[in-house]
Amino acid sequence: MDDPVLTARELVQERFPAARAAFLAGSVLTHRRTPTSDLDIVVLLDGPPAPSRENLVYRGWPVELFVQTEAVWHGFADQETAKRNSPLLAMCAEGLLLVDTDGLGASLQDEAHKRWAAGPPPLSDRERDHQRYVLTDLLDDLRGCTDPAERAYLVSHMLQRASELALQVGGHWLGGGKWLSRRLAAADPGLHRALSGAAVRALAAGETKDFAAAVTRVLDLAGGPLWDGYAIR
């Protein structure tokens, strides 16, 4: 396939000649690029067809287009920040600025850099305690589990919950799918190795002792296991 940067720039010029700004982001710009990596492109317009989202194939590349106005961009960034998971801020902070006709691209990239560096909103005590309770309850389920299929679902679910709690307690952004793994690996490589390695062994061989220990390690970071006495008022 063609060079991803040239391809992305040509696509924007062809499909969105009035674009004020455009960013190329994702694994395709890193050493993590694979044969299935797509071109994640954020495009800023003054109006229609913004806001819209579209998937397509362009010159052999799978492409995800995120077409927005300046106001929509800020709205999405605010909504995602409240959820502590902002793909948009990450794409614009870490991505490549392809087009910038009037300075909007540079301005949004600078804002994205600052907001990304500042991190997500902190967990409230109520949120943290609820997550401690849920993970503690799941640990009890895992310890008593004898069904291999249920064990697989429990381990998978707990890996996600524990990774998210560890990130949030540390003040780091969340991610989905492979990005959850990458965020935790960047924030705490040792904990990431302990959790993911033990999860792989638990899923492959049914041995859950190390995985339970890794999850307990996360709970300790958040204040310890919580079940007896937990209440919502």
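Residues numbered from 1 in each chain as written. Predicted model: local features only at pLDDT ≥ 70, side-chain atom pairs only at ≥ 80, totals over all residues. Heavy atoms only, no water.

### Topic: helix α2 (residues 70-82)
Every α-helix winds through 3.6 residues per turn, so residues three or four apart in the chain are directed the same way.
Here is step 1 of the chain: With 13 residues, α2 should cover 18 Å at 1.5 Å per step; its first-to-last C-alpha distance of 19 Å lies within 8% of that length.
Here is step 2 of the chain: Taken residue by residue, α2 has Trp73, Ala77, Glu80 and Thr81 as its buried positions. Looking straight down α2, one finds that the buried residues subtend no more than 100° of arc, so they occupy a single side. Seen from the buried face of α2, the exposed residues on the opposite side, beyond 90 degrees, are Ala71 and Ala82.
Here is step 3 of the chain: Contacts made by the buried residues of α2 are with β2 (39-44), β4 (61-68), α3 (87-94) and α4 (104-118). (Helix = DSSP H or I, 4+ residues; strand = E, 2+ residues; numbered from the N terminus. Expected span 1.5 Å × (residues − 1). Buried < 20%, exposed > 50% of the residue type's maximum accessible area, 1.4 Å probe, protein only. Arc of directions from axis to C-beta. Contact = heavy atoms within 4.5 Å.)

### Here we look at the sheet that holds strand β3 (residues 52-58)
The strands making up a sheet are joined through hydrogen bonds of the backbone, oriented either antiparallel or parallel.
Here is step 1 of the chain: Reading across from one edge, β3-β4-β2-β1-β5 is the order of the 5 strands in this open sheet, with mixed pairing throughout. Sheet topology places β3 and β5 (96-100) at the edges, where each strand pairs with a single neighbour. Sheet twist, expressed as the average angle between the axes of neighbouring strands with direction ignored, equals 20°.
Here is step 2 of the chain: Of the strand pairs in this sheet, β2 and β4 are connected by 6 bridges, and their pairing is parallel. If you follow Ile41 over to β4, its bridge partner there is Leu65.
Here is step 3 of the chain: The strands that α3 touches are β1 (21-25), β2, β4 and β5; relative to β2, the one it contacts most, it runs at about 90°.
Here is step 4 of the chain: Sheet strands touched by α4: β1, β2 and β5. Its angle to β5, the strand with the most contacts, is close to 150°. (Pairing = 2+ DSSP bridges. Axes fitted to C-alpha atoms, helices over the stretch in contact; angles between N-to-C directions.)

### Quick word on the packing of helix α5 (residues 125-143) against helix α9 (residues 209-221)
Here is step 1 of the chain: Orientation of α5 relative to α9, taken along the N-to-C sense of each, is 165°, at an axis distance of 11 Å. One element, α5, and the other, α9, form an angle in the roughly antiparallel class. Every pair of crossing elements has a handedness; the one defined by α5 and α9 is left-handed. Contact residues: Arg132, Leu135, Thr136, Leu139, Leu142 and Arg143 in α5; Phe211, Ala212, Val215, Thr216 and Leu219 in α9. (Parallel < 35°, antiparallel > 145°, perpendicular 65-115°, else oblique. Left-handed = near helix turned anticlockwise from the far one by under 90°.)

### Topic: unusual backbone geometry
Here is step 1 of the chain: For the peptide bond that leads from Pro48 to Pro49, omega is 10°, which places it in the cis range.
Here is step 2 of the chain: Within the secondary structure layout, Pro49 lies in the loop between β2 and β3.
Here is step 3 of the chain: Here the residue pair Ala50 and Pro51 is connected by a cis peptide bond, since its omega of 0° sits within 30 degrees of zero.
Here is step 4 of the chain: Counting through the fold element by element, Pro51 comes out in the loop between β2 and β3.
Here is step 5 of the chain: The backbone of Arg59 sits at a positive phi, close to 50°, despite the residue not being glycine.
Here is step 6 of the chain: Among the secondary structure elements, Arg59 is positioned in the loop between β3 and β4.
Here is step 7 of the chain: Even without glycine at this site, Arg84 takes up a positive phi of about 65°.
Here is step 8 of the chain: Mapped onto the elements, Arg84 comes out in the loop between α2 and α3.
Here is step 9 of the chain: Looking at Arg84, the relative accessible area reads 9%, which means it is buried.

### A word on the pairing of β4
Here is step 1 of the chain: The element β4 is extensively covered by neighbouring structure, given that 7 of its 8 residues are classed as buried.
Here is step 2 of the chain: Pairing analysis gives 7 bridges linking β3 to β4, with the strands arranged antiparallel. Bridge assignment links Val57 to a residue of β4, and that residue is Pro62.
Here is step 3 of the chain: Where β3 hands over to β4, the hairpin turn is made up of 2 residues, of which Arg59 adopts a positive phi near 50°.

### Regarding the pattern of salt bridges
Here is step 1 of the chain: Under the definition given, this model contains 14 salt bridges.
Here is step 2 of the chain: Arg128 is the salt-bridge partner of Asp125, the closest N and O atoms lying 3.1 Å from each other. Of this pair, Asp125 and Arg128 both sit in helix α5, 3 residues apart, which is roughly one turn of that helix.
Here is step 3 of the chain: The class of Asp125 is exposed, set by a relative accessible area of 51%.
Here is step 4 of the chain: Of the residues examined, Arg128 reaches a relative accessible area of 24% and is grouped as partly exposed.
Here is step 5 of the chain: One continuous salt-bridge network, built from bridges that share partners, spans Arg20, Asp46, Glu70 and Asp102. (Salt bridge = Lys/Arg side-chain N within 4 Å of Asp/Glu carboxyl O.)

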